[in-house]
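# Per-entry structural report
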Amino acid sequence: MSTSDSRPVAVVVEDDVRIRRFLKATLEQHGFRYIEAENGRRGLLQAASQMPDLVILDLGLPDLDGLEVLRELRSWSAVPILVLSARGQEADKVEALDAGADDYVTKPFGVDELLARMRVALRHSARPGSGSGGGAPEPVVRFGELEVDLEKRLVFVSGREVHLTAIEYRLLATLVRHADKVLTHRQLLAEVWGPHAEFEHQYLRVFMGQLRRKLEPAPARPRWFLTETGVGYRLRTS
Amino acid sequence: MKRQARLGYVWAVAVTGACTALDAALFAHVDPANLVMVYLAGVVFVATRHDRGAAGLACVLSVLSYDFFFVPPYHSLAVADTEYLLTFSIMFAVAMVVASLADRVRRQADAATERERRTAALYAMSRELASTRGAERLAEVLKRHVEQVFRGEAGVRLAPTRDAVPGGPRVADDDPAEGALRVPLDAGGRLHGELRFRVRAADRPLPAEERAFLATFAAQAALALEREVLAGDAAECRAQAEAERMRNTLLRSISHDLRTPLASIKGSSSLLLRSPDLDARVRGDLIADIEEEADYIARMVTNLLELTRLESGAVRLRKEWVPVEELVGAVTERLEQRLRAHPLTVTLPAELPAAPLDPTLIHKVLLNLLENAVEHTPAGTPVELSASVVESEVIVALADRGPGLQPGEERRVFDKFYRTTAEGRGRGMGLGLTVCEGIVRLHGGRIWAENRPGGGVTFRFSLPLVGELPPPPPPPPAFDPLLVGGEAR
């Protein structure tokens, strides 16, 4: 470990030694400097001292609640945080995302899924201003036959302009600004209707359905506007 | 009672007076001896309606009136002819005998009426007890009926069942001055609590037969409570036997269904570990097997956990209005990889409404049905997913072109650990469909399977469309200058 090491740093907070070993191999193979912590307290310590570029945090830790570690970490750091959680704990995932986690991976997970989530988290952190609803970095975003011009507020499908309502457009713009990242219902409501949106997210689903019908070739088998049931939505751009 | 007695004396006086008036009218026309008959009739009249005292008073007044008005010297109690003394004696004796006979008949009639009233009241309570379940409700029935029949304040205190002390009183006085009684709820030696009763001030003290009757009410309720306890014991026994049977099946299933993939993982990985010079293609296959088997075990464990949660009642429905289309999209996206070998067509009507459902749970239902179809049908066969609204239900259907079900299996495929015996069916623990059924039932819907004409199975489930989508939200405030401008042209 030399000080001239220019590789990005990943801190893994996970109590299971075998999962740590698998993560170590994966991360090192993909050019990360791997630092591990087997519990929450050490994890916080490592995150403070190593200035990581990415934190992978297991929600089920022996000493502290994973959510506690997450909140503590978020109180002083904007580092991208990827959460590991078990299936069936959708409420925990939502809570972690609302508390500032960038994304989550459900155990058991494969390496492709992990790397994809890591890439998105790193991409968003590398782009200043993104994630907080600030300036849009690229005025025109294209994925598949979809084209969104954030500057002129125009949307095209296969070159043909599509008319969106104000709400649909805001929803789309929010998803585009957080492309490939999961957004919880609450996060979307806050960005589209303002931080004090008080109604239930049942209507969010309705608007999402309308957006899909206008922009997806087969709305019942969406390619771009993905639903993470019980958690929120994700715009897939690749 | 006292008021009624006073009324009897009034009647005795009135009836004797009436007889005297009638005799006065007849006096000129009939023999004086026949006037006695009118008085006797009057005594019988009073005796059949009122108690012995009133009848006695009527006798005495009749003799005196007869003497005073109709026996010379008139308007005097003196008697000129001593023969009349005999008339008076016989008249009095006959009147008293008639009065006591009439009184006895009346008492018997009253007793019969009272018996009938009690039987009816007891029957009414028994009937209600028989159709009531739950100790608290039974106690409520007893309290209500006792208050109605005995006109007082009743209270029932239930206590855990214990053996009664033999020879204890059936009805005990708690506070005689206050008319407070205590009746144990004794069902043939087993106590279920006690009935407390406060007699109305006007009825104190409660007559012995009323106390006995009160005890009968309490005993009847105690028997109903005993029945409740016994039924609970029997249900518990059945549940225990069922749990025992399930545990055994579960152990057998786990040992077989989880050990097989584990054996494959163990075998492949140990081979990979010890044979570094394996052919690259073989290595690749072994590694792919390990991944596939791990996924299989993960699915099994998920279903097992889900079922345990459903059965233990730990699953709380969190219904929201969710468009079915969205769930279908989420599930097909999740299964993208596994659906590669099966062409999937999705047919949803454009006007398919949102339905009130728990998205994570119904997601699980769709996922299991689709996985089931993928697992149990040959590669290349199509899978069709569709939904429709029939009356006030959304019906989702998943049809495959696999080997279909054996006759009679349409229901049993939803049984826990049931595996179809049809040829060409894949492996599985027999839990996926059981989980589906549990979730659909929790939503108040149904799930069923039918063989398709031309081969294959259709699984359908329904979800009731109850309630209404809440009103739409207000338009978003223009808080973000970048997004202001209403319609995006």
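Residues numbered from 1 in each chain as written. Chains lettered and ligands numbered in written order. Predicted model: local features only at pLDDT ≥ 70, side-chain atom pairs only at ≥ 80, totals over all residues. Heavy atoms only, no water.

## Things to note about the interface of chain A and chain B
Taken together, the contacts link 40 residues of chain A with 43 residues of chain B. Carbon and sulfur atoms make up 55% of the surface buried where chain A meets chain B, a total of about 3600 Å² over both sides. Among the residues chain A hides against chain B, the three largest losses belong to R170(A), R205(A) and R221(A). Together they make up 19% of the total. The interface formed by chain A and chain B holds six salt bridges in total. With seven residues, helix α8 (residues 202–215) of chain A is the largest single contributor of residues to the side of chain A that touches chain B. Here the side of chain A that touches chain B is composed, by residue class, of 19 nonpolar, eight polar and 13 charged. (Contact = heavy atoms within 4.5 Å. Buried area = accessible area lost by both parts, 1.4 Å probe. Salt bridge = Lys/Arg side-chain N within 4 Å of Asp/Glu carboxyl O. Helix = DSSP H or I, 4+ residues; strand = E, 2+ residues; numbered from the N terminus. Nonpolar A, V, L, I, M, F, W, Y, C, P; charged D, E, K, R; others polar.)

## Describing the side chain of D400(B)
Looking at the element boundaries, D400(B) is found in strand β9 (residues 393–400). Among the polar contacts made by the side chain of D400(B), one reaches the main-chain amide nitrogen of G402(B) at a distance of 3.0 Å. (Polar contact = N/O pair within 3.5 Å; in protein donor to acceptor, adjacent residues only side chain to side chain.)

## Quick look at the sheet that holds strand β5 (residues 103–107) of chain A
All names here are of chain A. Taken in spatial order, the five strands line up as β2-β1-β3-β4-β5 in an open sheet, and their pairing is parallel. Looking along the sheet, the strands with just one partner apiece sit at the ends: β2 (33–37) and β5. The sheet shows a mean angle of 20° between the axes of neighbouring strands, direction not considered. Pairing analysis gives four bridges linking strand β1 (residues 9–13) to strand β3 (residues 54–58), with the strands arranged parallel. Counterpart to V13 in the pairing with β3 is L57. With respect to the sheet, helix α1 (residues 17–29) is in contact with β1, β2, β3, β4 (81–86) and β5, its orientation differing from that of β2 by roughly 160°. The sheet contacts of helix α3 (residues 66–76) involve β3 and β4, and relative to β3 the element is tilted by about 155°. (Pairing = 2+ DSSP bridges. Axes fitted to C-alpha atoms, helices over the stretch in contact; angles between N-to-C directions.)

## What about the pairing of strand β10 (residues 447–451) of chain B?
Residue and element names in this part refer to chain B. Across five bridges, β10 lies against strand β11 (residues 457–464) in antiparallel orientation. Bridge pairing in β11 links N451 to V457. Between the end of β10 and the start of β11, which pair antiparallel, lie five residues, with G454 showing a positive phi angle near 90°.

## Focus: the confidence of the model for chain A
Summary statistics for chain A give a mean pLDDT of 88 and a share of 91% for residues scoring 70 or more. Between residues 129–136 of chain A, whose pLDDT stays under 50, and residues either more than four places distant or in other chains, the model counts nine contacts. (pLDDT = per-residue confidence, 0-100.)

## Considering the packing of helix α4 (residues 83–130) of chain B against helix α6 (residues 208–274) of chain B
The angle between the axes and the distance between the axes are what describe a pair of packed helices. Residue and element names in this part refer to chain B. Contact geometry for α4 and α6: axes closest at 10 Å, N-to-C directions at 15°. Of the possible angle classes, the one that applies to α4 and α6 is roughly parallel. Relative to α6, the crossing made by α4 is right-handed. Of the residues in α6, those in contact with E114, R117, R118, A121, L122, M125, S126, L129 and A130 of α4 are E209, E210, F213, T216, F217, Q220, A221, A224 and R227. Taken together, the residues of the contact of α4 with α6 sort by class into nine nonpolar, three polar and six charged. (Parallel < 35°, antiparallel > 145°, perpendicular 65-115°, else oblique. Left-handed = near helix turned anticlockwise from the far one by under 90°.)

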